[in-house]
Protein chains: 4
Amino acid sequence: MSTASPTPNEQPGHFLQFASDNTSGICPEAMQALVAADVGFAASYGNDHATQQACDRIRELFEADAEVFFVFNGTAANSIALASLCQSYQAVICSDTAHVETDECGAPEFFSNGSKLLSAPHRQGKLTSAGVLEVITRRTDVHYPRPKVVTLTQSTEMGTLYQKGEISGISRVAQEHGLKVHMDGARFANAVAALGVAPADITWRAGVDVLCFGGTKMGLPIGEAIVFFDRRLGEEFAYRCKQAGQLASKMRYLSAPWLAMLTDGVWLRHAGHANAMAHRLSEKVAAIAGAELLLPTEANGVFVNLPEAALTRLKAMGWTFYTFIGGGARFMCSWATTEAAVDHLVRDMDRALGG
Amino acid sequence: MSTASPTPNEQPGHFLQFASDNTSGICPEAMQALVAADVGFAASYGNDHATQQACDRIRELFEADAEVFFVFNGTAANSIALASLCQSYQAVICSDTAHVETDECGAPEFFSNGSKLLSAPHRQGKLTSAGVLEVITRRTDVHYPRPKVVTLTQSTEMGTLYQKGEISGISRVAQEHGLKVHMDGARFANAVAALGVAPADITWRAGVDVLCFGGTKMGLPIGEAIVFFDRRLGEEFAYRCKQAGQLASKMRYLSAPWLAMLTDGVWLRHAGHANAMAHRLSEKVAAIAGAELLLPTEANGVFVNLPEAALTRLKAMGWTFYTFIGGGARFMCSWATTEAAVDHLVRDMDRALGG
Amino acid sequence: MSTASPTPNEQPGHFLQFASDNTSGICPEAMQALVAADVGFAASYGNDHATQQACDRIRELFEADAEVFFVFNGTAANSIALASLCQSYQAVICSDTAHVETDECGAPEFFSNGSKLLSAPHRQGKLTSAGVLEVITRRTDVHYPRPKVVTLTQSTEMGTLYQKGEISGISRVAQEHGLKVHMDGARFANAVAALGVAPADITWRAGVDVLCFGGTKMGLPIGEAIVFFDRRLGEEFAYRCKQAGQLASKMRYLSAPWLAMLTDGVWLRHAGHANAMAHRLSEKVAAIAGAELLLPTEANGVFVNLPEAALTRLKAMGWTFYTFIGGGARFMCSWATTEAAVDHLVRDMDRALGG
Amino acid sequence: MSTASPTPNEQPGHFLQFASDNTSGICPEAMQALVAADVGFAASYGNDHATQQACDRIRELFEADAEVFFVFNGTAANSIALASLCQSYQAVICSDTAHVETDECGAPEFFSNGSKLLSAPHRQGKLTSAGVLEVITRRTDVHYPRPKVVTLTQSTEMGTLYQKGEISGISRVAQEHGLKVHMDGARFANAVAALGVAPADITWRAGVDVLCFGGTKMGLPIGEAIVFFDRRLGEEFAYRCKQAGQLASKMRYLSAPWLAMLTDGVWLRHAGHANAMAHRLSEKVAAIAGAELLLPTEANGVFVNLPEAALTRLKAMGWTFYTFIGGGARFMCSWATTEAAVDHLVRDMDRALGG
């Protein structure tokens, strides 16, 4: 799924709100933690208390003695995690809708120094174990890179969710063939909130080796967490972070907001709200004549088919959102999306359709 | 200069204050700007107003139509700036005390995919034009990487300052041989404050092509600015940032604090304070029997020779600072260093010496 | 087109002859030149007379003041040529049947440190200018690598040929959008022999910037020539060869056979013979009931559809050839393929079909 | 040791003979094997009989079940072997006279995607276990790449030899700290011939994990063997060779000459001759007034100090050799060096000195 108008024109205020969940600001709890962390001196490079506590909190949350690293953004998180799992002559299996394939400007190939991404067929953005198996077994000669990792996005770039069994099915195939399983969790919070499962259930208990746990889209200013459920996989990862330009000196400003988010279920409350807003939008769109849902709304994204002219009119009204080659538009909800904004959008959509 | 005890034990509160300028927090003006930026939605990836304004402000400051990029940290800033200036089979000339050589875990080689760093002789951390010339002209065969960039650190890792004429002397040699000049300005603010010059005078007017302007050590939470004085050198640099995992989605939280720092001379006031604290420390240390200044104090770092036993005692008292193989200790001052802390340190140093 | 049985079982003698043109030996003229070059001492790394003469001969042949480099194999030739044309955050447009995409184990991504290969639609292995244009203009945001090179294979991996006008049509689109044109000429000799054109006509006069001119499949023991028609593109390429492990110390043994091949039309005589053998095979196959030509035979490869059982029987008889997922087999002819071998194969094919 | 005049002017015939052992041709036995290998078709990419036999022969020679790969040149052999032993954020310890440091244009850094080479002190080109230990234990923080490999050159770039005990001493230090040991054996034959030991004694029995066994300088046209004594280290190395452009399609032309060289002690006879010529030269030089041996002659290189004027005169007479910054010249002998040439050189040296 390649984006036709990826850079939304900047617009003041609330009209930007459906372009991406990263146009939202910092959620109040994270901001409060950030301000609170700014007291006196602290050891740099993660040797501070806030960082240690945030790591512990993540281990608690996942009920696992995981190795945790905080890095600056999702491009880096996914790319260096993948690079740690495969050599340059090995390959990563992904959906061709995967963000690592479509929107990272070659970052995975760059950080791995050449690992190829191999597309496997997907259903609504989700890989299948049969499709993964086909790619794994397709070739065995040295002229073709050996698959070494499968990467899943949860929730997917198409707004859908992997069920626990779907993940473990893919993981089983991967393990049987010596592959590791990586999860791009840019919107992991939305998935957990929607599925109502324990984080462990859709990660390590389902065979995931490494999770890139997205913080930015969840409401943080900056930063993602890389969680190695098998500590040996993360053994020298601190060096990799450093060399890759992903070791923050004033780490507390990355980690303290994480700690706040993961305390008292703040993260799930915000993610749940984003999901609820998407469902509200989805239900109302379904009722509009001329609009058509392209995909089921399972997390915080709503994919709608509207006539080209209607999309143009909607943009002219000031709304920003991504559109796709071949038609369709994506509307993302976040912790900051309000019911009023959703309702306003729906009304304007209706107007744009000449309703 | 390689560090013997690079990771200070974490200590609560003020005692950490001399380990590095990055153990300090966010200065008040930056924090205020960060909080103020958190209003509603904003276009992501730098397409927001705060980022545009911060870029404009930097152009104003340098009196130049420069191309500006905000990235997450200094490792990345220097490494990708260098990578943009040289191909993998070319080389970067640096002092062997340069941070890119001693403390980046191979990041410049990683991002450039193999560009070698070639050491040139230095005086108190500063390259000389004669030394640079010698390295440039040493070899011309294909078995040796062709020098393509000279990198200077201002202020240097040894706390010294390049004078305007020293920079232009090196730049002249570089230009005559087709090399570009890069400045690692992790502590550029301290240099400008100390030298009392216009930023342009010690950068592009002295032949510098690219400056990595340090924000973190100056008082920001996160983030450095890469300033290409020749816009053509930065032409496709946005792609490089993206691929290198250095494009922040919520860019406003990097850029808004920059804007605040560069308004009404905030950055120079803080840097000047840090320098003043270093001079206060330096003068008092010079008066202590048994302590010896290893290097002139020109910016915000004080390098002191103390007997091993005294260093050990000082650490036992709770002070943290870096020590060096072969002897000596480094004490860094920042915007947050107080006169009281300096005086306290001096008293304890005297005690540690048995005074 | 991915190969299902890429590694032929080794068989003694003539039965291997249709697996690939690289199972053939050294042609007599090349061998004679190799032996003749072995006289006394010679300057290393290409500073010898044979190498200079071979470069001159290539310039003559292409009627161009080209920059020429001899490297060890096609993987390297294509990969480092592409790497010299694009930065890591840029992309290469190719057919998804291209050898660089399907059979180089990620070498182009490795040598370029991450340049993505973007597939454009093809007709019988050939890119079209419309398809290339679509990929170039698909995206313009920094999240997607900017296309910088188009690579064509001549003759193609499907045994077809680009006509002069097809190449110049693609080149025009490329040039208009700032892309360079690279030609993978692993079987360039077969193309020139088949088309009966001047080498210049289907390279630089048709807009090709760089040609990887295949030597091995043509009858050399080892080695390909990289020909930069625009000398500026090859300016520092000698350093790249060295760093990439592609600078032969005893270069004369690579270059002297080249000189012999390009003298008195030896290369075209051999390539023409290979093409003739393919046509002979093709015509006879067309006459066999149950066998079907999958693609037109334009150069030295014959693509045949045979029932699975027949293919198995043919292999059991000792013949080796590549088969493809989804059916079909490829039979490659070379300078060493004899009429008798072709006829023998055809008889066995007929037998395998139960004829 | 950096070379001041690395590219000898090309001269016809015998005068080139002391520049490097790679200005020699192919030795008769290797040439004969090359010609003999050119019979009919053979499976490509190393799946041929000659390659299998050559691998077996190397295993026999080293009395070890080693994994063997043939690649094109020494730059590649050393670089990809090192890359297979360390990640990009790890480091390689070498002497600063090591060829990988001084004459590979950054190839090790390129193939490893950024592994730093760390210099350890040397005595006449040889690392010491104390020096290696110092570098290993110097730093333990993430800002400095973790040493993971030690590389030794045998015989060294200064013409000296590691004794068995010296190697095992270094290996012990390496093993105790989790490092692997790599041997650059560009002139391994000269070392074995000079020391009169079993190849196993100065490799795996002394703790060497991987040997790059030089073929070119020994008398082959092209090609080096990479020998992994621990098969697990070479497990996926075939993919690495492929991706790195080091998999020859017509492999038999690399491997068959190896087989010939390692049969009936051909390699040692030739290497022994080269060493003997060096000793002859060395003894005669020692007797010349005004000439001074800079280093002991232990293998096939002679390092001589001559006044600048004498060196200039010697070059004017047509002799080619490498000279060094700071004075001195290197004369290399090979299988092809004759007693007459040595004696002629000595006479001219004497004349050049005004003798």
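See the structure printed just above.
Read on for an overview of the structure. (Residues numbered from 1 in each chain as written. Chains lettered and ligands numbered in written order. Predicted model: local features only at pLDDT ≥ 70, side-chain atom pairs only at ≥ 80, totals over all residues. Heavy atoms only, no water.)

## With respect to the overall build of chain A
Line of reasoning, step 1. Of regular secondary structure, chain A possesses 13 helices and 13 strands.
Line of reasoning, step 2. Relative to its length of 355 residues, chain A is compact, with a C-alpha radius of gyration of 20 Å against a globular reference of 20 Å.
Line of reasoning, step 3. Along the three orthogonal principal directions, the C-alpha set of chain A runs to about 60 × 60 × 35 Å.
Line of reasoning, step 4. When burial is assessed residue by residue, chain A has 66% of its 355 residues classed as buried.
Line of reasoning, step 5. In chain A, the share of contacts with a sequence separation of at least 24, taken over all contacts with a separation of at least 6, comes to 76%. (Helix = DSSP H or I, 4+ residues; strand = E, 2+ residues; numbered from the N terminus. Rg over C-alpha atoms; globule rule 2.2 N^0.38 Å. Buried < 20%, exposed > 50% of the residue type's maximum accessible area, 1.4 Å probe, protein only. Contact = heavy atoms within 4.5 Å.)

## So, the sheet that holds strand β1 (residues 67–71) of chain A
Residue and element names in this part refer to chain A.
Line of reasoning, step 1. An order of β1-β9-β8-β7-β6-β2-β3 is seen for the seven strands of this open sheet, with the pairing classed as mixed. The two strands at the open ends of the sheet, each matched to only one other strand, are β1 and β3 (116–120). Averaged over all pairs of adjacent strands, the angle between strand axes in this sheet comes to 25 degrees, irrespective of strand direction.
Line of reasoning, step 2. Most of the contacts of helix α2 (residues 49–62) go to β1, to which it runs at about 125 degrees, and overall it touches β1, β8 (210–214) and β9 (224–228). (Pairing = 2+ DSSP bridges. Axes fitted to C-alpha atoms, helices over the stretch in contact; angles between N-to-C directions.)

## Brief notes about the nonpolar core
One broad trend across soluble globular proteins is that nonpolar side chains are buried collectively.
Line of reasoning, step 1. Membership of the largest hydrophobic core comes to 135 residues, with the highest contact counts inside it found for F213 of chain C together with F213 of chain D.
Line of reasoning, step 2. Other than its neighbours up to four places away in sequence, F213 of chain D contacts L61, F62, G185, F188, M218, E224, A225, W258, L262 and W267 of chain D.
Line of reasoning, step 3. A30 and L211 of chain A together with A66 and V150 of chain B belong to the second largest nonpolar core, which has 130 residues in total. (Core = buried A, V, L, I, M, F, W, Y, C linked by side-chain atoms within 4.5 Å.)

## Topic: the pairing of strand β7 (residues 180–185) of chain A
Residue and element names in this part refer to chain A.
Line of reasoning, step 1. Taken across its six residues, β7 has five buried, putting it largely inside the fold.
Line of reasoning, step 2. Here five bridges tie strand β6 (residues 146–153) to β7, and the two strands are oriented parallel to one another. By the bridge assignment for β7, L152 is matched with M183.
Line of reasoning, step 3. In this region the chain leaves β6, passes through helix α7 (residues 164–176) and returns to the parallel neighbour β7; the handedness of that crossover is right-handed.
Line of reasoning, step 4. As defined by bridge partners, β7 adjoins β8 across four bridges and the pair is classed as parallel. (Right-handed = clockwise from strand over helix to strand, strands pointing away.)

## Focus on the packing of helix α8 (residues 188–195) of chain B against helix α11 (residues 266–286) of chain B
Residue and element names in this part refer to chain B.
Line of reasoning, step 1. At a closest axis distance of 8 Å, the pairing of α8 and α11 adopts a crossing angle of 80 degrees. As judged from the angle between their axes, α8 and α11 are roughly perpendicular. On α11, the residues that touch F188, A189, N190, V192, A193 and A194 of α8 are W267, L268, A271, G272, A274 and N275.
Line of reasoning, step 2. Split into classes, the residues belonging to the contact of α8 with α11 amount to nine nonpolar, three polar and no charged. (Parallel < 35°, antiparallel > 145°, perpendicular 65-115°, else oblique. Nonpolar A, V, L, I, M, F, W, Y, C, P; charged D, E, K, R; others polar.)

## Focus: the relation of the copies chain D and chain C
Line of reasoning, step 1. Once chain D is rotated about the relating axis by 180 degrees and shifted along it by 0.0 Å, it coincides with chain C to within an RMSD of 0.0 Å. The relationship between the two copies is best expressed as a two-fold rotation axis. Identified as the residue of chain D closest to the rotation axis by C-alpha distance is F72 of chain D, at 3.5 Å.
Line of reasoning, step 2. Here 100% of the contact residues of chain D are again contact residues in chain C; the copies associate through an equivalent surface. (Least-squares fit on C-alpha atoms with pLDDT ≥ 70 in both.)

## Concerning the packing of aromatic side chains
The way to describe two aromatic rings as a pair is by their centre distance and the angle between their planes.
Line of reasoning, step 1. Across all of its chains, the model carries 74 aromatic pairs over all chains by this definition.
Line of reasoning, step 2. Aromatic pair F69 of chain B and F237 of chain B: ring centres 5.0 Å apart, planes at 55 degrees, arrangement tilted. Placement of F69 of chain B in strand β1 (residues 67–71) and of F237 of chain B in helix α9 (residues 237–243) is noted, with a sequence separation of 168 residues between them. An identical accessibility class is assigned to F69 of chain B and F237 of chain B; each is buried.
Line of reasoning, step 3. When the centroid spacing of 5.9 Å and the interplanar angle of 40 degrees are considered together, the rings of F70 of chain C and W258 of chain C count as tilted. Highlighted residues: F70 of chain C in strand β1 (residues 67–71) and W258 of chain C in helix α10 (residues 252–261), separated in sequence by 188 residues. The exposure classification of F70 of chain C matches that of W258 of chain C, with both residues buried.
Line of reasoning, step 4. Aromatic rings pair up to connect F62, F70, F188, F213, F229, W258 and W267 of chain A into one cluster. (Phe/Tyr/Trp six-rings, centres within 6.5 Å; stacked < 30°, edge-to-face > 60°.)

## Some points on the interface of chain D and chain C
Line of reasoning, step 1. Contacts between the two partners involve 56 residues from chain D and, on the opposite side, 56 residues from chain C.
Line of reasoning, step 2. The contact between chain D and chain C buries some 4800 Å² in all, and 58% of this surface belongs to carbon and sulfur atoms.
Line of reasoning, step 3. Put simply, chain D and chain C have two salt bridges between them.
Line of reasoning, step 4. For E104 of chain C, the salt bridge identified is with K242 of chain D, shortest N-O distance 3.0 Å.
Line of reasoning, step 5. Linking chain D with chain C are 34 residue pairs in polar contact (both at pLDDT 80 or more).
Line of reasoning, step 6. Here the residues of the side of chain D that touches chain C sort into 24 nonpolar, 24 polar and eight charged. (Buried area = accessible area lost by both parts, 1.4 Å probe. Salt bridge = Lys/Arg side-chain N within 4 Å of Asp/Glu carboxyl O. Polar contact = N/O pair within 3.5 Å; in protein donor to acceptor, adjacent residues only side chain to side chain.)

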